[in-house]
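# Structural description and commentary
If you want the building blocks of each chain, they are given just below.
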Amino acid sequence: MGGPTVSLNASEMPSAVIPPPDSAPVGIPSTKQNRLIGGLVGTNAAGFISLSVPQLVLLTTHLTTIAGPGATAAFSLVSAVGGAAALVANPFGGRISDRTAARWGRRRTWILTGGVVGALLLLGMGFTTAVWQVALVWAFIEIVVQFQLAASSALAADQILPEKRGSFSGIVSMVSLGGPVIGFGLVSVVSFSPVLQWTVLAVLSLLGVILAFVLVRDPQHQRDPGQARFTFGLFIRSYWVSPRRHPAFGWAWFVRLLITAAWSSDIYFASVFTTRFNVASKDVTGDVFILTLIGIVCVAVTAVITGTVSDRVHRQKPFIFAGGILLAIGLLLLAFAPSPIWEYVSAAVMSLGYGTFLATDFAMCIRVLPNPETFGKDFGVLNIANTLPGLLVPSIALVLLPIGGFVTLFISMAVLAVIGAVIVARIPDIGQEGDPRFAFITRLDKPAKV
């Protein structure tokens, strides 16, 4: 990462590296908070719509037209290529936005650029005629939209006031689920024309980033003349923040990884219906849609309420702990569900838990970011903890399902959720910064030249 090494010995820890409780962001907010939240809702909705609606519906239908019986294998290939691109692009996009000195601002520039290019690529997807073309275009969509989302996360870290972080986290959680539902509904209206579906998606995405560009103020970043030249080594360091030098950040990363991994096991809901409860394949889609609606309502409502309460009581850890435990309880219910109705109940409990976690995780992560000059890159590293479970959970399932079926898989995922809930205790809560009982939040008072 560069910059001075920060000692982790309590007696040697200079007070300047630990922000006071409820301290303002390092940069002075340049946008009124209501405008800022409106802009961030726009860009996050655009990003989630651009990625989620194709993954849920449009890529499958498009590849079925192109590949016929080989559509499932083609979808797996396209998803894998896109997932790999996303894993690389988010931290790198954050690093680039940190170093951008464009007139429109370092975050605003990439929100607009990523959104506009992404919308054009979505338009182009409707005209692809081969699997390799779909894979290539989808990889580029993932890259530019991840640049947009990385800049959006960094903008929130730059300008959201501490007293609004919890409520903002709840709003973003709601948008991440509600936005794709709106997109899904609109593309369903024009299902008679695949090209028109991709066009509608592109327009929705473009409207979101334009809204953000108009509402947000992001002063031009003044690049330090002594800033290190961008090299391959600097590129590689975009994917690493030392947990030894920044222990609170490291614990926050592991909390996010474990609880997100536990939540990611929801991809097996459909398999539970078909294999355990013998639901006919033609009926599974409707059942999963009901589960999805249950999840959206529970996560959205819980996230908004919990985020607001977190801001008012100035606490984050109890909500993350409760979210992880609720998620674990839902997974245990799912492991031993005796009938489809219990699968609905377990999905509701899991969603309540995940919504509680989401509402405060984002706010806590902002608080433990090490360096104000690398907020974009550091949030990109945190987002790896969101992306990795998509690769890890199916791999774990390949080992556990032959051993003990869904019972073993869901119990194991519940254990991960509990571990994630427990280790959040290592992170200082609001007002506990500098307490030697907890991991240090190492916020550098003199930003590294990166």
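These lines cover the structure that appears in this document, whether it is placed above or below. As the structure is a computational prediction, the values presented were derived from the model and not from experiment.

Further remarks concern the overall build of the protein. The helix and strand tally for the protein stands at 14 helices and zero strands. Helices and strands in the protein line up, N terminus first, as α-α-α-α-α-α-α-α-α-α-α-α-α-α.

For the rest of this paragraph, the subject is the side chain of Ser-97. Mapped onto the elements, Ser-97 comes out in helix H2 (residues 71-98). By relative accessible area, Ser-97 is classed as buried at 0%. A polar contact is formed between the side chain of Ser-97 and the side chain of Arg-107, at a distance of 2.7 Å. If we skip the residues at most four places from it in the chain, Ser-97 touches Arg-106, Arg-107, Trp-110, Ala-151 and Gly-376.

Another aspect to go through is a nonpolar patch on the surface. A surface patch of nonpolar side chains, amounting to about 410 Å² of accessible area, comprises Val-297, Val-301, Ile-305, Val-309 and Val-313. Following the sequence through the fold, Val-301 ends up in helix H10 (residues 281-313). Residue Val-301 is classed as partly exposed on the basis of its relative accessible area of 46%.

Taken as a whole and judged by the stated rule, the model has ten aromatic pairs. Pairwise contacts between aromatic rings join Phe-92, Trp-110 and Phe-147 into one cluster. Cation over ring: Arg-108 sits above Phe-213, and NZ or CZ is 3.8 Å from the ring centre.

Turning our attention to the environment of Ser-176. Tracing the sequence through the fold places Ser-176 in helix H5 (residues 165-189). Its relative accessible area of 19% is what places Ser-176 among the buried residues. The spacing of Ser-176 and Ile-296 is 120 residues in sequence and 9.4 Å in space, taken between C-alpha atoms.

So, how was this worked out
- Residues numbered from 1 in each chain as written.
- Predicted model: local features only at pLDDT ≥ 70, side-chain atom pairs only at ≥ 80, totals over all residues.
- Heavy atoms only, no water.
- Helix = DSSP H or I, 4+ residues; strand = E, 2+ residues; numbered from the N terminus.
- Buried < 20%, exposed > 50% of the residue type's maximum accessible area, 1.4 Å probe, protein only.
- Polar contact = N/O pair within 3.5 Å; in protein donor to acceptor, adjacent residues only side chain to side chain.
- Contact = heavy atoms within 4.5 Å.
- Patch = residues over 30% accessible without salt bridge, like charges linked within 9 Å, V, L, I, M, F, W, Y side chains within 5 Å.
- Areas by Shrake-Rupley, 256 points an atom, 1.4 Å probe, with all protein chains shown as cover.
- Salt bridge = Lys/Arg side-chain N within 4 Å of Asp/Glu carboxyl O.
- Phe/Tyr/Trp six-rings, centres within 6.5 Å; stacked < 30°, edge-to-face > 60°.
- Lys NZ or Arg CZ within 6 Å of the ring centre and 35° of its normal.

The values reported here are purely geometric and, on their own, carry no functional implication.
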